[in-house]
Amino acid sequence: QVQLVESGGGLVQAGGSLRLSCAPSGRSFSTYAMGWFRQAPGKAREFVAAIRWSYGDTVYAESVKGRFIISKDNAKNTMYLQMNSLKPEDAAVYYCASSPRLSWRSGTINDYNYWGQGTQVTVSS
């Protein structure tokens, strides 16, 4: 069983930045793509961004395009989410997930099979 571990969440003022990290704990694993999702209280989990591991191509939700950057470090087997110009509506628990599917770009939750426990991001206005 693969375990993904997120880190880097916290409290930030609106307009500020945070960088989230995600890495597998325990044994290493290979994946086709990885992504970030978020879930605010009372709302459904939603897609944020994803990256194809071998090629590095990316896809973003419209709500974060131009503000968030997803990246990876193959040597460290780690994925990042640089979040800039944060807004109060970005506050949520952020989850990383891995996808073995060619449809990884869809951002559909069912296309992702391994998930982390989440890291809280709070944005004060």
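Look above for the structure.
Attention here is on the structure that accompanies the text. (Residues numbered from 1 in each chain as written. Predicted model: local features only at pLDDT ≥ 70, side-chain atom pairs only at ≥ 80, totals over all residues. Heavy atoms only, no water.)

1. Looking at the side chain of Asp57
Then, in step 1: Take Asp57: it is sitting in the loop between strand 5 (46-52) and strand 6 (58-60).
Then, in step 2: Side chain to side chain, Asp57 and Arg105 meet in a polar contact 3.2 Å long.
Then, in step 3: When sequence neighbours within four positions are dropped, the list of residues in contact with Asp57 reads Ala50, Ile51, Arg52, Trp104 and Arg105. (Helix = DSSP H or I, 4+ residues; strand = E, 2+ residues; numbered from the N terminus. Polar contact = N/O pair within 3.5 Å; in protein donor to acceptor, adjacent residues only side chain to side chain. Contact = heavy atoms within 4.5 Å.)

2. Section: the state of the cysteines
Then, in step 1: Across all of its chains, the model carries one disulfide by this definition.
Then, in step 2: Across the disulfide from Cys22 sits Cys96; the S-S distance is 2.0 Å. Note on the Cys22 and Cys96 pair: the S-S dihedral is about 60°, so by sign convention the disulfide is right-handed. Here Cys22 is found in strand 3 (residues 18-25), whereas its partner Cys96 is found in strand 9 (residues 92-99), with 74 residues between them in sequence. Both residues of the pair, Cys22 and Cys96, count as buried. (Disulfide = S-S within 2.5 Å. Buried < 20%, exposed > 50% of the residue type's maximum accessible area, 1.4 Å probe, protein only.)

3. Notes on the packing of aromatic side chains
The relative placement of two aromatic rings is captured by the distance of their centres and the angle of their planes.
Then, in step 1: Under the definition given, this model contains four aromatic pairs.
Then, in step 2: Among the aromatic residues, ring-to-ring pairing joins Phe37, Phe47, Tyr112 and Trp115 into one connected group.
Then, in step 3: Taking NZ or CZ as reference, Arg45 lies 3.7 Å from the ring centre of Tyr95, over its face.
Then, in step 4: Directly above the ring of Trp115 sits Arg45, whose terminal nitrogen or CZ lies 5.0 Å from the centroid. (Phe/Tyr/Trp six-rings, centres within 6.5 Å; stacked < 30°, edge-to-face > 60°. Lys NZ or Arg CZ within 6 Å of the ring centre and 35° of its normal.)

4. With respect to the sheet that holds strand 3
Then, in step 1: Read from one edge of the open sheet, four strands run 1-3-8-7, paired in antiparallel fashion. At either end of the open sheet lies a strand with only one pairing partner, and these are strand 1 (3-7) and strand 7 (68-73). Within this sheet the neighbouring strands show an average axis-to-axis angle of 20°, counted without direction.
Then, in step 2: Looking at chain direction, strand 3 and strand 8 (residues 78-83) are connected through five bridges and run antiparallel. (Pairing = 2+ DSSP bridges. Axes fitted to C-alpha atoms, helices over the stretch in contact; angles between N-to-C directions.)

5. Considering unusual backbone geometry
Then, in step 1: With a phi close to 55°, Asn77 is a non-glycine residue in the positive phi region.
Then, in step 2: Relative to the assigned elements, Asn77 resides in the loop between strand 7 and strand 8.
Then, in step 3: Not every positive phi belongs to a glycine, and Ser85 is a case in point at roughly 50°.

Keep in mind that these numbers describe shape and distance, not what the molecule does.
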